[in-house]
Every structure is written in C-alpha cells, then in structure tokens.
Protein chains: 2
Amino acid sequence: MEENENLKLENQICFPLYSVSRLITRAYKPYLDTMGLTYPQYLVLLVLWEKDEQTVNQIGKKLLLNTNTLSPLIQRMQKNGLLLRTRSSEDERTVKVNLTRKGLDYKEQARNIPKDLLGKLLNEDVQVTDVMLLKKTLDSWIEILNNEKEMNINSEK
Amino acid sequence: MEENENLKLENQICFPLYSVSRLITRAYKPYLDTMGLTYPQYLVLLVLWEKDEQTVNQIGKKLLLNTNTLSPLIQRMQKNGLLLRTRSSEDERTVKVNLTRKGLDYKEQARNIPKDLLGKLLNEDVQVTDVMLLKKTLDSWIEILNNEKEMNINSEK
DNA sequence: TGCGATTATGTCGTGCACGATGCAAATGTA
DNA sequence: TACATTTGCATCGTGCACGACATAATCGCA
C-alpha cells in the first residue's frame, strides 16, 4: 500500500465511527428535546427503566462511564426531577438512584424512538442484516477495548 | 416484538456506536499523547496532511464540524505550534490554516497508528471484510444523517 | 450604486468525557 | 484490634460539541 494511504481521512475507520456517533446523537435531539433530556441522560434512563434502584457504579459499568462523568450528570437529572439519589444505609459509600414518577413516565414517550430512528437508517444500501452485523462487530470491539483498559489498570499494580 | 424490547440497552444500535467511538478515542490516546495531540486535533492534522492551506470552513466540511467547535480547537493547535492562521487577503472573512514544520513532521510519527490500531480490532470474530462492510454502512449513514441536517436548514427558509 | 441577505469566523453558555485527585466508608490482614 | 489498602462517590480543570448569537466582509439584485 502506498505509504500515505494509511493517513487519508477516507481510509480511516475511526473517523466515521466518531462522526456517526455525533450525527446520531444529533438525530436523537428532536425526540429528546421534548422531554428536556440529553442523549447521555437518556442512556441513564434506559438503564433504570430496565431495573430501577441501581447505584452510580452499576449504571456506570453498564454505560462504560466513570463516576466523574456520571455523578454530575445524575445530579443534573435529579435537579430536573427525573430521579432521586439516596445514600445507602447498608454501605454508606454507595448512592442508590431511583426513578421518580416523571422519569418512569417518560418510558412510554420514548418507546418508539429507536424504531423511528432505525427506519431512517435503512435504505437500499443498508439492510437490517447489515445493521445486525455492524452491531456484532461493535460489541466485539467493546469487549476488546474495554478489557484492554482493565488490563492496563491491573498491570500497573 | 415485546413492547419493552425496543428500549433495552443491549438492543440499541446507537449505544454501541457511542461507546466504541469513545473507546477508540481512548485507544488513540497513548499514541497521541506522545505528540501532545487530542483526537479531534489529530483529525485536523489528517485533513491538512492531505492538502495544506485550507480555510476553517473547508476543514469543517470534511470533519463535519462547525466553526464554533473548530475555531477554538485550531486556536489551541496554533498555540501549540502545530499550524498558523492567517486571514486571507482575497476574502477577508476567511482564515487560511497552514501547517508549521512541527505539524508537518508529525505526519511521519503518525503513519503507523491506524494500522496498529486496526490490528488490535481484528480477531477470529471480526475480519477485515467485516470492517469494510462496517465502514460502508457508516459512510452511508453519514450521507443520510448529514443530508438530513442540511434539509432541515433549507426547509426553515 | 445601494442595501438587504448571505457567508466566514468567532464568542458565550451548557453539558458531556476524562485524567488527576480527595475523602470517607468498608475491607483485608498482620 | 490497628492500619494499610481498596472501593464508591465526588470535585476540579481541560477540551471538545453544539445551540444561540455577534460581527464584519462579501454577494445579489432591484
């Protein structure tokens, strides 16, 4: 391969990932604006809709976010009346996060967002099978890249 | 499909995109730290390595970033001695961005990053053909989502 | 030619991400 | 039981993203 080809923007795999991620967040915006949510806040709700009353840490593990990102984010969500934070009595270090009625009710309103969005992302070039394959690749990469991070932490000991 | 399945985190396509994008930026970090670059700054260099002396707008069109993101970013890069900004004499509104010697020299140092990284992302589950298919899907989505944005702008007129 | 619309860049405010660091509670162990 | 270590949460500083808005230069057209 010609030596410069590696560095051409059009040959990058990371750049389209970065761009699509941002563009999709943008595509979510009109839906989420009606509820006063940001995309990361919506992700926190997804986690809590599946199982209410989780600690900051548990939510972070599922979203692959650290507490220095999550803590302020969850505090903003509390300020907006979406959830409640209560320090656990069994383990005073942990903070349990519970949905409020408002946070719970938004589940109904959010139900059709993913399907709507997926509809926009399908065309003659991109079929459902392509999306499933893409998801499989991404999930595998999450596995690889997230484990690598943990390996680095452990190797520093 | 059961009504709640849509909202399960594991069934989302957008969440893995968002996570992988962040994890890959993180994977770039050790390489870029040696040059004192961030990932978006590295993207600007990629654009300028292909063709030096471009306006802020031209760079933004290629990276799908607006000037309110790019201007401060490019200013920081100038402060770090990677490039120069000069207001054009033909059109006083535009700012031409040129690489410095330092910014140009980093090209050599960056050459093997993408190949290195791609190596980590391949395994028995993810082959090169999967990555090519993934890129094709992402490029198609960039087309769709970016055009949609422009359509919204035009329809507001 | 005059003047309203458009264009290119930039500032400001808000909300992530995330590395570095702090602190208190819980845990492990000599 | 002391005390070092780990764990969970949080704050702080920096750098994106991006909507809203400002400003000056250019363009379009009556």
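Student: So what about the overall build of chain A? Which residues, and what values?
Tutor: The number of helices and strands found in chain A is seven helices and three strands. Helices (α) and strands (β) of chain A occur, in sequence order from the N terminus, as α-α-β-α-α-β-β-α-α-α. Over its C-alpha atoms chain A spans a radius of gyration of 19 Å, topping by over 25% the 15 Å that the globule rule assigns to 157 residues. Seen through its principal axes, chain A has C-alpha atoms that stretch 60 × 45 × 25 Å. Residue burial in chain A is summarised as follows: out of 157 residues, 46% are buried. Taken as a whole, chain A presents about 8,500 Å² of accessible surface, with 51% of it coming from carbon and sulfur. Taken together, the 23 basic and 22 acidic charged side chains of chain A have centroids lying 9 Å from each other.

Student: How would you explain the nonpolar core if you had to name every residue and give the values?
Tutor: The biggest cluster of nonpolar side chains holds 102 residues, and the ones touching the most others in it are Tyr42 and Trp141 of chain A together with Tyr42 and Trp141 of chain B. Once residues lying within four places of it in the same chain are set aside, the contact partners of tyrosine 42 of chain B are Leu7 and Gln12 of chain A together with Tyr28, Leu32, Trp49, Ala110 and Pro114 of chain B.

Student: I'd like a description of the interface of chain B and chain A, backed by residues and values.
Tutor: On the side of chain A, 63 residues touch chain B, which itself brings 63 residues to the contact. Between chain B and chain A, roughly 6,400 Å² of surface is buried when both sides are summed, and carbon and sulfur atoms account for 68% of that area. At the boundary of chain B with chain A, the tally comes to zero salt bridges. Elements with a minimum of two residues in the side of chain B that touches chain A: helix H1 (14-33), helix H2 (39-50), helix H3 (56-63), helix H5 (101-110), helix H6 (113-121) and helix H7 (128-155) of chain B. Per-element tally for the side of chain B that touches chain A: the top contributor is H7 of chain B, with 17 residues. Taken together, the residues of the side of chain B that touches chain A break down into 35 nonpolar, 10 polar and 18 charged.

Student: Describe the sheet that holds strand E2 (residues 83-87) of chain A, and please don't skip the residues or the numbers.
Tutor: Residues and elements named next belong to chain A. Ordered by their spatial adjacency, three strands build an open sheet running E1-E3-E2, and the pairing between neighbours is antiparallel. Both outer strands of the open sheet, strand E1 (54-55) and E2, are each paired with one neighbouring strand and no more. Two elements, E2 and strand E3 (residues 95-99), share five bridges in a ladder whose sense is antiparallel. When the sheet's bridge partners are listed, leucine 83 is paired in E3 with leucine 99.

Student: An account of empty space enclosed by the protein is requested, with residue identities and associated values reported.
Tutor: All told, the structure shown has one cavity of 30 Å³ or more when counted by the stated rule. A volume near 30 Å³ is recorded for the largest cavity. Looking at the largest cavity, the residues that line it are Asp130, Leu133, Leu134 and Thr137 of chain A together with Asp130, Leu133, Leu134 and Thr137 of chain B. Looking at the lining of the largest cavity, the elements that each hand over two or more residues are helix H7 (128-155) of chain A together with H7 of chain B.

Student: Quick rundown of the packing of aromatic side chains? Include the residues and the values.
Tutor: Applying the stated criterion across every chain, the model contains 10 aromatic pairs over all chains. With a centroid separation of 6.3 Å and 40° between ring planes, the pair formed by phenylalanine 15 of chain A and tyrosine 18 of chain A is classed as tilted. Taken together, the residues span about one helical turn, with phenylalanine 15 of chain A and tyrosine 18 of chain A both in helix H1 (residues 14-33) at a distance of three residues. Seen in terms of ring centroids, tyrosine 28 of chain A and tyrosine 42 of chain A are 5.2 Å apart; in terms of plane orientation they differ by 45°. Their pairing is tilted. Placement of the pair is tyrosine 28 of chain A in helix H1 and tyrosine 42 of chain A in helix H2 (residues 39-50), with a sequence separation of 14 residues. Here tyrosine 28 of chain A matches tyrosine 42 of chain A in class, with each residue buried. A network of ring pairs unites the aromatic residues Phe15 and Tyr18 of chain A together with Tyr28, Tyr39 and Tyr42 of chain B as a single cluster. Taking the ring centre of tyrosine 18 of chain A as reference, the NZ or CZ of arginine 22 of chain A above it sits at 5.1 Å.

Student: For the protein's contact with DNA strand D, give the residues involved together with the corresponding values.
Tutor: Neighbouring DNA strand D are 27 residues; Tyr18, Asn57, Ser71 and Arg85 of chain A together with Arg76 of chain B lie closest to it. The sugar-phosphate share of atoms of DNA strand D within 4 Å of the protein amounts to 75%. Taking valine 95 of chain A, its main chain carries an N or O atom lying 2.8 Å from a phosphate oxygen of DNA strand D. One of the backbone nitrogen or oxygen atoms of glutamate 92 of chain B is found 3.1 Å away from a phosphate oxygen of DNA strand D. Residues belonging to the surface near DNA strand D are distributed by class as follows: five nonpolar, 11 polar and 11 charged.

Student: Tell me what's going on with H1 of chain A, and back it up with residues and numbers.
Tutor: Helix length check: H1 of chain A, at 20 residues, gives a terminal C-alpha distance of 28 Å against a target of 28 Å (1.5 Å per residue), a fit within 8%. Alanine 27 of chain A marks the point of greatest bend in H1 of chain A, at about 25°, and the proline proline 30 of chain A comes within the next four residues.

Student: Describe the pairing of E3 of chain A, listing the residues and the values that go with them.
Tutor: Residue and element names in this part refer to chain A. Burial analysis of E3 places four of its five residues in the buried class, which makes it a mostly covered element. Bridge analysis of E1 against E3 gives two bridges, and the strand direction is antiparallel. Pairing of threonine 55 across the sheet is with lysine 96, part of E3.

Student: Could you give an account of H3 of chain B, with specific residues and numbers?
Tutor: Listed as buried for H3 of chain B are Val56, Ile59, Gly60 and Leu63 of chain B. Buried residues along H3 of chain B cover an arc of 100° about the axis, so they all sit on one side. Where H3 of chain B is buried, its residues touch H1 of chain A together with H2, strand E1 (54-55), helix H4 (67-79) and strand E3 (95-99) of chain B. Leucine 64 of chain B lies just past H3 of chain B and shows a positive phi near 60°.

Quick notes on the rules
Sequence order as written defines the numbering, with residues in each chain counted from 1. To read the labels, note that chains go from A and ligands from 1, taken in the order they are written. Reporting of local features is limited, given that this is a predicted model, to residues whose pLDDT is at least 70; pairs of side-chain atoms are given and counted only at 80 or more, and all residues count toward the totals for whole chains, interfaces and linings. With hydrogens and water excluded, all non-hydrogen atoms of the structure serve as input to the side-chain values. Note on conventions: DSSP H or I runs of at least 4 residues are helices, E runs of at least 2 residues are strands, and numbering of each starts at the N terminus. Here the globule rule reads 2.2 Å times residues to the power 0.38, and the radius of gyration is calculated from C-alpha atoms. A simple rule labels every residue: compare its accessible area, found with a 1.4 Å probe on the protein chains alone, to the largest value its type can have, and call it buried under 20%, exposed over 50%, or partly exposed in between. All accessible areas in this document rest on Shrake-Rupley with a 1.4 Å probe, and a residue is counted as covered only by the protein chains that are shown. Counted as positive: Lys and Arg. Counted as negative: Asp and Glu, with His and the chain ends omitted from the count. For this purpose, a charge sits on NZ of Lys, CZ of Arg, CG of Asp or CD of Glu. We define the nonpolar core as a collection of buried residues of types Ala, Val, Leu, Ile, Met, Phe, Trp, Tyr and Cys that are connected through side-chain atoms lying within 4.5 Å of one another. We call two residues in contact when some of their heavy atoms are within 4.5 Å. Accessible surface is computed with a 1.4 Å probe, and the buried area is the amount of it that two parts give up when combined, taken over both parts together. The rule for a salt bridge is simple: a side-chain nitrogen of Lys or Arg has to be within 4 Å of a carboxyl oxygen of Asp or Glu. Note on residue categories: nonpolar means Ala, Val, Leu, Ile, Met, Phe, Trp, Tyr, Cys or Pro, charged means Asp, Glu, Lys or Arg, and polar means any other residue, Gly included. Any two strands with at least two DSSP bridges between them are considered paired. The method works on a 1 Å grid over the protein atoms by themselves. A cavity is a set of points holding a 1.4 Å probe that cannot get out, a pocket is an open set with protein on both sides within 12 Å along at least five of seven lines, and residues with an atom within 4 Å of a point line them. Grid points are joined across faces, edges and corners, and a volume is the space filled by probe spheres set on the points. Only the six-membered ring of Trp is used, alongside the rings of Phe and Tyr, when aromatic pairs are assigned; centres must lie within 6.5 Å, and planes under 30 degrees apart are stacked while those over 60 apart are edge-to-face, with the rest tilted. Remark: a charge is flagged as sitting over a ring if the NZ atom of Lys or the CZ atom of Arg is within 6 Å of the ring centre and within 35 degrees of the ring normal. Being near a molecule or strand, for a residue, comes down to having at least one heavy atom within 4 Å of it. Polar contacts here mean pairs of N or O atoms no more than 3.5 Å apart (in protein, one a potential hydrogen donor and the other a potential acceptor; neighbouring residues in sequence count only if both atoms are side-chain atoms). A helix is expected to span 1.5 Å multiplied by its residue count minus one. The angle between axes fitted to the seven residues ending at a residue and the seven residues starting there is what we call the bend at that residue. As used here, the arc is the angular range of directions from the helix axis to the C-beta atoms.

Taken by themselves, the reported measurements are silent on function.
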